[in-house]
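Understanding the architecture of this molecule
Listed here are the chains, written in short residue letters.
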Amino acid sequence: MVIVKNLVKKYGSVVASNHLNCRFETGKVTVILGGSGSGKSTLLRQVTGLEKPDSGEVLFDGLDLTRATREQLYEKRKKMGMLFQGAALFNYLTIFENIAFPLREHTQIADNVIKTIVTMKLEMVGLRGTEDLMPSQLSGGMMKRVGLARAIVMDPKIIFYDEPTSGLDPISTGVIDKLIRDLNRKLNITSVVVSHDIESCFRIADRIIILYYGDIIAEGTVEEIRNSTDPRVIQFINGNPEGPIPFTRTDKNYLDEILS
Ligand SMILES: Nc1ncnc2c1ncn2[C@@H]1O[C@H](COP(=O)(O)OP(=O)(O)OP(=O)(O)O)[C@@H](O)[C@H]1O
Ligand SMILES: [Mg+2]
């Protein structure tokens, strides 16, 4: 569904995307893993057309988003759902209006139909009856589920999730993981999940991509990643980014040294 070709994005001397090549296959859950600053969000922004790369291509259903017109991009973006980090709900709108927002922005659907759609989406994320509450009245996990209901309100073909479970307890994490899998399996929605959470990643992923200072250092199935012999991958999947191999940018030279 999405093919990334030779994508380059630099911020000053920082190479956030270093000639990236990858694909997000239709109907699959792809998880993008990587330490802080490895370029995960930057990749998402380019793939969703929010930011232009310096060079390279992003083919979405065959259309190169980096060269698309505004109208073409707008049409493609209607097929994408996004769950932003921290849910990004509008604090001054009720749960109902938050979820209805994309429908009011992008369609002419009548109010009574909007009501049916919103009720259905809330039901899907297990939050029926919360229509009239304000975001401040919800827990963090509930807010993410409302964000998810809003992400699916336009019936997207692909959903991008930026850190959907960060800051959540294990049970809320499990609920979100199950929702991501259910949406993928039952509605066949292609999913791209940016995550720090290795356990959650292994539960939901069909394919995993690991980023490291702008490079893809590993790509494969859960099984392939688990069996990787790359020390950076092993350390990362052992959940120890601050461990013997330092993952902070200032230590990259040191790291290159001990690995060479
Ligand atoms: N708009 C920007 N201007 C300047 N530098 C940026 C910008 N966006 C990202 N960067 C830099 O690019 C690199 C990758 O950032 P990015 O946000 O993609 O990382 P990330 O993997 O999403 O990290 P995190 O897990 O902390 O969210 C970082 O070094 C960051 O400082
Ligand atoms: Mg990020």
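All of the points below concern the structure found in this document. (Residues numbered from 1 in each chain as written. Chains lettered and ligands numbered in written order. Predicted model: local features only at pLDDT ≥ 70, side-chain atom pairs only at ≥ 80, totals over all residues.)

Quick look at the overall build of the protein now. On a plain count of helices and strands, the protein comes out with 10 helices and 10 strands. The C-alpha radius of gyration of the protein comes to 19 Å, within 12% of the 18 Å expected for a compact globule of 260 residues. For the protein, the spread of C-alpha atoms along the principal axes amounts to about 65 × 45 × 30 Å. Expressed as a percentage of its 260 residues, the buried residues of the protein come to 36%. Put simply, 64% of the contacts in the protein that link residues at least 6 apart link residues at least 24 apart. (Helix = DSSP H or I, 4+ residues; strand = E, 2+ residues; numbered from the N terminus. Rg over C-alpha atoms; globule rule 2.2 N^0.38 Å. Buried ≥ 20, exposed ≤ 12 C-beta atoms within 10 Å, placed from the backbone. Contact = placed C-beta atoms within 7 Å.)

With respect to topology, six strands assemble into an open sheet ordered β6-β7-β8-β3-β9-β10, the strand pairing being mixed. Edge strands, defined here as strands with exactly one partner in the open sheet, are β6 (80–83) and β10 (215–220). In this sheet, adjacent strand axes meet at a mean angle of 15° when their direction is disregarded. Inspection of the sheet shows strand β7 (residues 158–162) paired to strand β8 (residues 190–195) by five bridges, in the parallel sense. (Pairing = 2+ DSSP bridges. Axes fitted to C-alpha atoms, helices over the stretch in contact; angles between N-to-C directions.)

For the rest of this paragraph, the subject is unusual backbone geometry. Among all residues except glycine, the phi angle is most often negative; among peptide bonds, the trans geometry is most common. Positive phi values are uncommon outside glycine, yet H19 reaches one of about 50°. Along the polypeptide, H19 turns up in strand β2 (residues 14–24). H19 sits in the partly exposed class, given 14 other C-beta atoms within 10 Å. Phi at D61 takes a positive value of approximately 50°, unusual for a residue other than glycine. Tracing the sequence through the fold places D61 in the loop between β4 (55–60) and β5 (63–64). For D61, a count of 13 C-beta atoms within 10 Å puts it in the partly exposed group.

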